[in-house]
Amino acid sequence: MSQPSQTVTNALTIDVEDYFQVSAFAPYIRRDDWDTRECRVERNVDRILGLLEEQGTQATFFTLGWVAERYPAMVRRIVDGGHELASHGYGHQRACDLTPQQLYEDVHRAKTILEDIGGQAVLGYRAPSFSIGTGNLWALDTLLEAGYRYSSSIYPVKHDHYGMPDAPRFAHEVRPGLIEVPPTTLRLFDRNLPSSGGGFFRLLPYGVSRWMLQQVNSRDAQSAIFYFHPWEIDESQPRISGIDAKTRFRHYVNIDRNERKLRRLLRDFRWGRMDRIFLGQPAQEVAVA
Ligand SMILES: [Zn+2]
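As the structure is a computational prediction, the values presented were derived from the model and not from experiment.

Student: Please clarify how the overall build of the protein should be interpreted in this entry.
Tutor: Broken down by element type, the protein carries ten helices and eleven strands. Against the compact-globule benchmark of 19 Å for 289 residues, the protein has a radius of gyration of 18 Å, which places it among compact chains. When each of the 289 residues of the protein is scored for burial, the buried share is 56%. The contacts of the protein with a sequence gap of at least 6 include a subset with a gap of at least 24, amounting to 76%. Only carbon and sulfur atoms are counted for the fraction: they give 50% of the accessible area of the protein, which is about 12300 Å². A distance of 6 Å separates the average location of the 35 positive side-chain charges in the protein from that of its 36 negative side-chain charges.

As structure tokens, then:
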């Protein structure tokens, strides 16, 4: 196998949420019970920060307002590490389950909290579970209204929980002043295969994921967007009982091997922050006015 491209910079992204906030667990864990659960997000983010420092890599952290409020020191460590602080909304509600007014309140609240703590403008947003698609494209106008400059929320794949298979595969101006940066897919056999991380990265052999990203870098000559969650490297997280088999498999498969795989991935490709790659944001950050 040939060496992956080291000339294209890919975007490394982390969706900062805890294991009990995952959308697939929503039928089993009440939102009101979140505060009674053992939180593990801080220690997991610290592990990730250590891993990135060891590899000399900077990334974008799409962080929940709910988490930032409880762990402000962790948020400051993200910023101090030279990473981009971006928004995953406040309460991890799918954008498609909210009214325009509710979504505005959620994304505006998250942006305000993150900017207050991080001291830098928050320009990027990723909808929980990639929940912007054909049925709620108005959400893009809401993001603009709330002051965001880019979104990474429309996954051009077919999936039972999300996706808009006909959406463009690469970064594009989706509204004047707003860029959509879709999670990476590989075009194969007239289909878009999800190639950007999450459960598929844990499930597939490392070599397959590596090949897919390499194809996007070389054949499509595009930057790839990769994502993972802090709980995806946490083999000791409390197990949620009573969940259906598919959810259990998707959540827990190969978590114990994931950190090792991620380390290889960081070494094999060149990685950077979303804002630097797609907004041409200079290395010197814009302070919040
Ligand atoms: Zn999420």
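Student: What is the right way to read the packing of helix H1 (residues 41-55) against helix H9 (residues 255-268) from this model?
Tutor: Working note: a packed helix pair is described by the angle between its axes plus the distance between those axes. Where H1 contacts H9, the two axes come as close as 10 Å, and the packing angle between them is 30 degrees. The handedness of the crossing between H1 and H9 comes out as right-handed. Here Arg-47, Leu-51, Leu-52, Glu-54 and Gln-55 of H1 lie close against H9, whose contacting residues are Glu-259, Leu-262, Arg-263, Leu-266 and Arg-267. Tallied by class, residues from the contact of H1 with H9 come to four nonpolar, one polar and five charged.

Student: What is the right way to look at helix H3 (residues 72-80) in this model?
Tutor: Residue pairs spaced three or four apart in an α-helix point in one direction, given the helix's 3.6 residues per turn. Looking only at H3, the buried set comprises Met-74, Val-75, Ile-78 and Val-79. The arc enclosing the buried residues of H3, seen along the axis, measures out at 145 degrees, which places them on a common side. Looking at the packing, one finds that the buried side of H3 touches strand S1 (9-16), H1, strand S2 (60-63), helix H2 (65-70), strand S3 (84-87) and helix H4 (100-118). Just downstream of H3 lies Gly-82, where phi reads positive at about 85 degrees.

Student: Would you explain H1 in this entry?
Tutor: With 15 residues, H1 extends 21 Å between its outermost C-alpha atoms, agreeing within 8% with the 21 Å of an ideal straight helix rising 1.5 Å per residue. Of the positions making up H1, those classed as buried are Val-41, Asn-44, Val-45, Ile-48, Leu-49, Leu-51 and Leu-52. Seen end-on, H1 carries its buried residues on one side only, within an arc spanning 160 degrees. Looking at the packing, one finds that the buried side of H1 touches S1, S2, H2, H3, strand S10 (225-228) and H9. Note on H1: the residue one or two positions beyond its end, Gly-56, has a positive phi of about 65 degrees.

Rules of the game
In this numbering scheme, every chain counts its residues from 1 along its sequence in written order. At least 70 in pLDDT is required for a residue's local features to be given in this predicted model, at least 80 for side-chain atom pairs to be given and counted, and no such filter applies to totals for whole chains, interfaces and linings, which use all residues. In computing side-chain properties, one takes all heavy atoms of the structure into account and sets aside hydrogens as well as water. Only runs of H or I of at least four residues qualify as helices and only runs of E of at least two qualify as strands under DSSP, and these elements are numbered from the N terminus. A radius of gyration in this sense is built from C-alpha atoms; the matching globule rule multiplies 2.2 Å by the number of residues raised to 0.38. Think of it in three bands: residues with accessible area under 20% of the maximum for their type are buried, residues over 50% are exposed, and the middle band is partly exposed, with areas taken using a 1.4 Å probe on protein chains only. Throughout, a contact is declared for two residues whenever any of their heavy atoms are within 4.5 Å. In this description, accessible areas are obtained by the Shrake-Rupley approach with a 1.4 Å probe, and a residue is regarded as covered only by the protein chains that are shown. Residues scored as positive are Lys and Arg, those scored as negative are Asp and Glu, and His as well as the terminal groups of each chain are ignored. Charged groups are reduced to one reference atom each: NZ for lysine, CZ for arginine, CG for aspartic acid, CD for glutamic acid. Helix axes are fitted only over the stretch in contact, all axes being lines through C-alpha atoms; the angle between N-to-C directions runs from 0 to 180 degrees. In this scheme, a crossing is called left-handed if the near helix is turned counterclockwise away from the far one by less than a right angle; it is called right-handed if the turn is clockwise. Throughout, the ten residues Ala, Val, Leu, Ile, Met, Phe, Trp, Tyr, Cys and Pro are labelled nonpolar, Asp, Glu, Lys and Arg are labelled charged, and all others, Gly among them, are labelled polar. Throughout, the arc means the angular range of directions from the helix axis out to the C-beta atoms. Multiplying one less than the number of residues by 1.5 Å gives the expected span of a helix.

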